[in-house]
Amino acid sequence: FQIRITFACTENSCRSQIAEALAEENYSVLGHEFSSAGTDPAEEVDPGAISMLSELGIDWKGAPKTFAEIATPEVVVTMGCDVQCPFIPGARMIEWEIPDPKGKERDEYLKVRDLIAGKLARLIDEEL
């Protein structure tokens, strides 16, 4: 792999899962390794996120994880959570302010998807 990138959010059930899925779908060919993790993971991925991803043809099978369950990343991208992500020595921290669509209408998930997709493109093209 080239760079190990982790998308982080408290529950690791919606925004960070969407970011991981979109990154895997669109940028895994570049050789980067993508994951997501949370400080207090939920029991399951948000159904609204899974539904929105399936509309894109992405059959997402991700599951909420802790930082202890993933390989140590070089880059941690936070989704705009209310809590501090764990300190990961040597990791570059990037903060994205992504609104949480969890439990909201489908249009909110689509807005978040598009916001994440745009930030992902900039991350891959300009920041790495």
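Rules used throughout
- Residues numbered from 1 in each chain as written.
- Predicted model: local features only at pLDDT ≥ 70, side-chain atom pairs only at ≥ 80, totals over all residues.
- Heavy atoms only, no water.
- Axes fitted to C-alpha atoms, helices over the stretch in contact; angles between N-to-C directions.
- Helix = DSSP H or I, 4+ residues; strand = E, 2+ residues; numbered from the N terminus.
- Parallel < 35°, antiparallel > 145°, perpendicular 65-115°, else oblique.
- Left-handed = near helix turned anticlockwise from the far one by under 90°.
- Contact = heavy atoms within 4.5 Å.
- Pairing = 2+ DSSP bridges.

Q: Could you give me a rundown of the packing of helix α1 (residues 15–27) against helix α3 (residues 106–127), with the residues and numbers involved?
A: Two numbers describe a pair of packed helices, the interaxial angle and the distance between the axes. Contact geometry for α1 and α3: axes closest at 10 Å, N-to-C directions at 55 degrees. In terms of orientation, α1 and α3 fall into the oblique class. Remark: the crossing between α1 and α3 carries right-handed chirality. Taking contact as the criterion, the partners of R15, I18, A19, L22, A23 and Y27 in α1 are, on α3, V112, R113, I116, A117, L120, A121 and I124.

Q: Can you tell me about the sheet that holds strand β2 (residues 33–37), naming the residues and giving the values?
A: In spatial order, the strands read β2-β1-β3-β4; together these 4 strands make up an open sheet with parallel pairing. Bordering the open sheet on either side are β2 and β4 (92–95), each of which pairs with just one other strand. Direction aside, neighbouring strands of the sheet carry axes that sit 20 degrees apart on average. Sitting on the sheet, α1 is in contact with β1 (4–8) and β2, with an inclination near 170 degrees to β2. Along the sheet face, α3 touches β1, β2, β3 (75–78) and β4 and points at about 140 degrees away from the line of β4.

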